[in-house]
Amino acid sequence: MACNGSACQSGCYKKGDELAAPEEGGAAAASNSNSNSSSNGSGNNLCVKCKVKEPFTVAGGGGGEDGRFCAECFRSNLFGKFRHAVTSNAMIGPTDNVLVAFSGGPASRVALQFVHELQYKAQKNFDASRDRSLPVFGVGVAFVDESAAHLPSSDKAMDQAIEDVKSLVLELSPPAKELHHFPIESICSGDSSDQREKLKEVLNAVTDATGKEDFLVHLRMLALQKIASENGYTRVVLGSCTSRIACHVISATVKGRGYSLPADIQYVDARWEAPVVLPLHDCLAQELNMLCHLDGLKTIELPYEPQSTINSLISSFVALLQEENPSRESTIVRTAGKLTPFAFNRIPEINDTNVPLATRRRQKRSSLKLNGSISSESFCPMCYSPLIQSKVQALDTPEASKTNSYIFGSSCCSSCRFQILPQDPLCMEHFYSHLPPPLVARASSGNAHDIRSLREHIQDYLLLDSDNEQ
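This structure is a prediction, so every number in the text was calculated from the model and none was measured.

Parameters and conventions
- All residue numbers refer to position in the chain's written sequence, counted from 1.
- Given that the model is predicted, a residue must reach a pLDDT of at least 70 before its local features are reported, and side-chain atom pairs must reach 80 or more before they are shown or counted; all residues, however, enter totals for whole chains, interfaces and linings.
- Side-chain descriptors were evaluated using all non-hydrogen atoms of the structure, hydrogens and water having been removed beforehand.
- In this description, a nonpolar core means a group of buried Ala, Val, Leu, Ile, Met, Phe, Trp, Tyr and Cys residues linked to one another through side-chain atoms lying within 4.5 Å.
- Exposure is judged per residue with a 1.4 Å probe applied to protein chains only, and the accessible area is read against the type maximum: over 50% gives exposed, under 20% gives buried, and values in between give partly exposed.
- Secondary structure elements are defined from DSSP: runs of H or I of at least 4 residues count as helices, runs of E of at least 2 residues count as strands, and each element is numbered from the N terminus.
- Residue contacts follow a heavy-atom distance rule, with two residues in contact if any of their heavy atoms lie within 4.5 Å.
- Any pair of Phe, Tyr and Trp rings, taking the six-membered ring for Trp, is counted once the centres come within 6.5 Å. Such a pair is stacked with planes under 30 degrees apart, edge-to-face with planes over 60 apart, and tilted for the rest.
- Two strands make a pair as long as DSSP finds a minimum of two bridges between them.
- Look down the strands so they point away from you; if the path from the first strand over the helix to the second goes clockwise, the crossover is right-handed.
- Multiply 1.5 Å by the residue count of a helix minus one, and that product is the helix's expected span.

Regarding the nonpolar core
If you look at the biggest cluster of nonpolar residues, it comprises 60 residues, and the most contacted ones within it are F215, L219, M382, F408, F431 and L435. With 9 residues, the single largest contributor to this core is helix 7 (residues 209-231). Residues within four places of L435 in sequence aside, it is in contact with V202, F215, M382, F408 and V440. Grouped together as the second largest cluster of nonpolar side chains are 49 residues, V110, V115, V237 and Y304 included.

In structure tokens form, the structure reads like this:
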């Protein structure tokens, strides 16, 4: 039963024909409703930052900051996340030479654009200063061509994608950036045709689809490090964002990589010769896609056939979680971030007197606090994950009884041994003979380091030659 409407404060209306209010009353009610919603914090449907422009939305819902910021404030907010990650973790200094890994996707495209804008601003400040005390860091772009491993849908499409990458880099305003087109088979020894055959032999020996995909990731990092080493780059910038890191957290847990997980999800990874940095660590994939849409940043879709792997299944699962709750990816990364980082998850302190004092002070001030952090003396030669010393099996038997393939296999982590390495000894020998030289050299140097480290630990208990003579 309806109330009389005069004294009721509940906002109900009468039944029947009385529900059909006059148009003026309906308009007034709508106006009151809008004013009430604006007073409840929506800012009259204005940008939550500038309070002037209307927020933008993406068709279908973009997630992240969609519907909260205007286009200008959205971009400023996203660039602010990038800049804060760079400055607070001392990722890029004036004397650095930065290599941006570019795959053509939105994440690497935004990473390249933001690094370019930092460099452009540094160049303007350098030109405007009188003493020119702070140099401008250099920027290069690396495109690792994996067509030999992925079997693209057509060679013509792959050639067009490579041309698009070249034109995209050339279109960036000065300072100029060198593009390094690196076929992934070049990581193997021999001429170009022999390199391609060796890569196919190694990949065919990996029967697990997920293991093959992970192996390609390891080869890609080796390729980036080789480019950096041969061209004098001091940093490698990856476009890994919150969404990508969230997927890695779950996939690494599924694969039994819990011990090494903290190494891969930090802002900085300095276990490599050229430290790897993740300036988009705090940005969502949806936000990066929206920025490419707003700024008209061209992305390139490589003609690779999709594979059904654990990694792809987990990516679909995390994407579904994100649709249900837009904060799920950030929650996963923040939760994993509570794990204790390794000692190499920070930029090494700068002691070079040629580096400006302000840069050295900023680097010390922003260094990661590693209270009681764990460190490792051994790394998996395949994926370079840190290993628990008790898990290293290379010294279990006398040295003379070991083959090189056995030493390599026993030095790998359990995940690589299960998903990548062949189980049959003969197949393992064949697999080992076709591995890229950097992987083989890493295993040799790693075992030598283990022996030296073991000798240092028991040095006080060893008998010297002079003691035997007495």
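Quick notes on the packing of aromatic side chains
Evaluation of the coordinates by the stated rule reveals 11 aromatic pairs. When the centroid spacing of 5.0 Å and the interplanar angle of 85° are considered together, the rings of F79 and F114 count as edge-to-face. Here F79, found in helix 2 (residues 71-88), pairs with F114, found in helix 3 (residues 106-128); they are 35 residues apart in sequence, far enough to count as distant. Here F342 and F344 contribute two aromatic rings whose centre-to-centre distance is 5.2 Å and whose plane-to-plane angle is 5°, an arrangement assigned as stacked. For F342, a relative accessible area of 0% translates into the label buried. Its relative accessible area of 12% is what places F344 among the buried residues. Through pairs of rings, three or more aromatic residues link up here, namely Y259, W272, F342, F344, F379 and Y384.

Concerning the pairing of strand 1 (residues 97-101)
Burial within strand 1 is extensive, with 4 of its 5 residues counted as buried. By the bridge criterion, 5 bridges tie strand 1 to strand 2 (residues 138-145) in an arrangement that is parallel. Each bridged residue has a counterpart across the sheet, and for V100 the counterpart in strand 2 is V141. Handedness of the crossover joining strand 1 and strand 2 through helix 3 is recorded here as right-handed. Sheet topology places strand 1 next to strand 4 (residues 235-237); 3 bridges connect them, and they run parallel. Bridge assignment links V100 to a residue of strand 4, and that residue is V237.

A look at unusual backbone geometry
The linkage connecting P174 with the following residue, P175, adopts the cis geometry, with an omega of 0°. With respect to the element layout, P175 can be found in the loop between helix 5 (155-171) and strand 3 (178-183). The phi dihedral of A90 is positive, around 50°, even though this residue is not glycine. On the secondary structure map, A90 appears in the loop between helix 2 and strand 1. Exposure remark for A90: the relative accessible area of 14% places this residue in the buried category. Within the chain, Y384 stands out as a residue other than glycine whose phi angle is a positive 65°. Tracing the chain through its elements places Y384 in the loop between helix 13 (357-365) and helix 14 (404-411). Y384 sits in the buried class, given a relative accessible area of 16%.

Observations concerning helix 8 (residues 242-254)
Think of an α-helix as turning once every 3.6 residues; residues three or four places apart then point the same way. The terminal C-alpha atoms of helix 8 lie 19 Å apart, and with 13 residues this matches the ideal 18 Å at 1.5 Å per residue to within 8%. Turning to helix 8, its buried residues number three or more, namely T242, S243, I245, A246, C247, V249, S251 and A252. Where the residues of helix 8 are buried, they touch helix 9 (261-264), helix 10 (285-295), helix 11 (310-324) and helix 12 (328-336).

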